[in-house]
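# Breakdown of the fold
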Amino acid sequence: MRAFSVLLGTVALSLWTTPAISHAPVNLAAVLDSVMRDTGSQGIAAAIIDDGEVVAQEARGKRNASGAPLDADTVMYGASITKAAFAYMVLQLVDEGLIELDRPIAEYLPRPLTDYGSDDIEDRYARYSDLTGDDRWRALTPRILLTHGSGFANFGFLEPDGKLRFHFEPGTRYAYSGDGIMLLQFVLEEGLGLDVGAEMQRRVFDRFGMTRTSMTWRTDFADNLADGWTEEGEVEPHDERSRTRAAGSMDTTISDVARLTAAISRGEGLSPAMRTEMVRPQLAITTRSQFPTLQPELPIEDRRADLAAALGVVAFTGPQGPGWYKGGHNDSTGNTLVCLERSGRCVVILSNDVRSERGFARIVHAALGETGVPWSWEYDFEMLPDGRRPE
């Protein structure tokens, strides 16, 4: 894949000197059909946003093995795009003075974090008593958790002994961690007494008219629901998630997640300062790829200067200036959203077939042109099956 390493000083200058790029109308349906043919994908949906408004959306293919059509209101798994929605909600709490980004989480909890063992917390959380004897948890803040700087593995249950532990000093480097996001949810619920599922519903989903989106399963989703396809072409039934998990329990539709992305793009629901804070580069990303999460850091000269963690999303800089994106993935799901700050243009993609991911760069390029999205960092494969480079 093509590398997009750019010196920060050069990038900063180019933001003010590069002229705006015009875009011809995109035949989104034709692009999605082409990606499905080339990847073998059974279903994919996408939307385009311009200046904070949804201007196009398409859903193609099937939502289940019986051949029922995928449409704009089909409920699909949001996966880790949930993290971006959760971060947006947290920043509303910051705006209201209910929580501070740089205040240690210890100051919000009624007991030390290490007092919470398996008898005290629900099974959606890690067992925080695993950290007993390691006071580095006291350095954790909401900002560190939202930028994936916690020092945890993606999930503690993936550790050889199944126990949560620190792998580096909190806030010193990036390593993707669902458990870090889940810890912030725990702080909101245990420390502030909030119901995160209810707050997400009220502050985000209801606010933006996301009528078929929820952090937990709803029975009315069953009438238009997407199952998924794996890399091997096997069908996986949709998981009816019964617990709110800020790291990735959101069910949604392409129509709804497009509304959310448009709202984030235009900054609705946040102060200008918090909107800026959400998408600005904050923590350097120093690894060759996102996964595995705890891989060694690259030598300084090999690190990408155009890539950094923001709050719940990843910030990048490319030919059209600064942008941000968030992916979502499981064995039968591939999602992404990409936004460019200067033009206000975004692309949102949801797929119930993980094989679609190889065509994401083609879709984004068709809608936005050359962007600098860090595809080679996000994925460990070429983005198109015939070897053509998408950008």
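This text goes with the structure placed above it.
What comes next concerns the included structure. (Residues numbered from 1 in each chain as written. Predicted model: local features only at pLDDT ≥ 70, side-chain atom pairs only at ≥ 80, totals over all residues. Heavy atoms only, no water.)

## Concerning the packing of aromatic side chains
The line we're drawing: A pair of Phe, Tyr and Trp rings is counted when the ring centres sit within 6.5 Å of each other, with Trp represented by its six-membered ring. The angle between the planes then sorts it: under 30 degrees is stacked, over 60 is edge-to-face, the rest tilted. Labels follow the DSSP assignment, with helices taken as runs of H or I lasting at least four residues and strands as runs of E lasting at least two, numbered in each case from the N terminus. Partly exposed residues are those whose accessible area sits between 20% and 50% of the maximum for their type, while under 20% is buried and over 50% is exposed, using a 1.4 Å probe and protein chains only.
With the rule as written, the count across this model stands at 10 aromatic pairs. Relative to Phe 186, the ring of Tyr 116 lies with its centre 4.9 Å away and its plane at 80°, an arrangement referred to as edge-to-face. Note that Tyr 116 is positioned in the loop between α3 (81-95) and α4 (142-146) and Phe 186 in helix α5 (residues 178-191), a separation of 70 residues in sequence. As far as burial versus exposure is concerned, Tyr 116 and Phe 186 are alike and both buried.

## Let's talk about the nonpolar core
Operational definition: We call a set of buried Ala, Val, Leu, Ile, Met, Phe, Trp, Tyr and Cys residues a nonpolar core when their side-chain atoms join them within 4.5 Å. Pairs of residues are marked as contacts when any of their non-hydrogen atoms sit within 4.5 Å.
Phe 86, Tyr 128 and Leu 183 are the most contacted members of the largest nonpolar core, which totals 78 residues. With 11 residues, α3 is the single largest residue contributor to this core. Excluding residues that lie within four positions of it along the chain, Tyr 128 makes contacts with Leu 113, Thr 114, Tyr 116, Ile 121, Leu 164, Met 182, Leu 183 and Phe 186. Counting 33 residues, the second-largest nonpolar core is a separate cluster that includes Met 36, Tyr 176, Leu 368 and Val 373.

## What about the pairing of strand β1 (residues 43-50)?
This is how it is decided: Strand pairing is assigned whenever DSSP detects at least two bridges linking the two strands.
Extensive coverage of β1 is indicated by the burial of 7 of its 8 residues. Pairing of β1 with strand β2 (residues 53-61) involves 8 bridges; the strand directions are antiparallel. Within β2, the position partnered with Ala 46 by the bridge is Glu 58. In sequence, β1 turns back onto β2 through a hairpin of 2 residues, with Asp 51 there showing a positive phi of about 55°. Judged from the 6 bridges that link them, β1 and strand β12 (residues 345-351) form a sheet pairing that is antiparallel. Among the inter-strand pairings, Ile 48 is bridged to a residue of β12, identified as Val 347.

## Considerations on the side chain of Ser 214
Which entries qualify depends on this criterion: Counting of polar contacts relies on pairs of N or O atoms within 3.5 Å, with two restrictions inside protein: one atom must be capable of donating a hydrogen and the other of accepting it, and residues adjacent in sequence are counted only when both atoms are side-chain atoms.
For Ser 214, the location among the structural elements is in the loop between α6 (196-205) and β4 (228-229). With a relative accessible area of 6%, Ser 214 lands in the buried category. A distance of 2.7 Å separates a polar atom in the side chain of Ser 214 from the backbone oxygen of Thr 216.

## Quick notes on the sheet that holds strand β10 (residues 321-330)
The criterion, for reference: Here an axis means a line fitted to C-alpha atoms, over the contact stretch when the element is a helix, while the angle between two N-to-C directions is reported on a 0 to 180 degree scale.
One open sheet accounts for 8 strands, arranged β2-β1-β12-β11-β10-β9-β8-β7; its pairing is antiparallel. Bordering the open sheet on either side are β2 and β7 (283-284), each of which pairs with just one other strand. In the sheet, strand β9 (residues 314-318) pairs with β10 via 5 bridges, with the strands oriented antiparallel. Paired with Gly 318 across the bridge in β10 is Gly 321. Across the sheet, helix α2 (residues 28-39) lies against β1 and β2, angled at about 35° from β2, the strand it touches most.

## Some details on unusual backbone geometry
Residue Phe 291 is joined to Pro 292 through a cis peptide bond whose omega torsion reads 0°. The backbone phi angle of Asp 51 is positive, close to 55°, even though this residue is not glycine. Checked against the element boundaries, Asp 51 lands in the loop between β1 and β2. A residue is classified by how much of its surface remains accessible, and Asp 51, at 64% relative accessible area, is exposed. Its identity is not glycine, yet Ala 79 carries a phi of approximately 50°, on the positive side. Structurally, Ala 79 can be placed in the loop between β3 (76-77) and α3. Judged by relative accessible area, Ala 79 falls into the buried class, the value being 2%.

## Quick look at the side chain of Gln 185
On the secondary structure map, Gln 185 appears in helix α5. Within the structure, Gln 185 has its side chain in polar contact with the backbone oxygen of Thr 244 (distance 3.1 Å). Ignoring sequence-local partners within four residues, the contact set of Gln 185 consists of Phe 86, Arg 124, Tyr 125, Val 196, Thr 244, Arg 245 and Ala 246.

## A word on the pattern of salt bridges
Put simply, the rule is: Here, a salt bridge means any Lys or Arg side-chain nitrogen found within 4 Å of an Asp or Glu carboxyl oxygen.
Counted by the stated rule, this structure contains 31 salt bridges. Residue Asp 50 is joined to Arg 345 by a salt bridge in which the shortest nitrogen-to-oxygen separation is 3.2 Å. Of this pair, Asp 50 sits in strand β1 while Arg 345 sits in strand β12, and the two are 295 residues apart along the sequence. When the shortest N-O distance is used, the salt bridge between Arg 304 and Asp 306 registers 3.1 Å. Several salt bridges share partner residues, and in doing so they unite Glu 122, Asp 123, Arg 124, Glu 189 and Arg 243 into one network.

## Overview of helix α9 (residues 360-368)
With respect to burial, α9 is a largely interior element, 7 of its 9 residues being buried. Along α9, the residues classified as buried are Phe 360, Ala 361, Arg 362, Ile 363, Val 364, Ala 367 and Leu 368. Packed against the buried residues of α9 are α2, β1, β11 (333-340), β12 and α10 (375-378). Once α9 ends, the next one or two residues include Gly 369, with phi positive near 80°.

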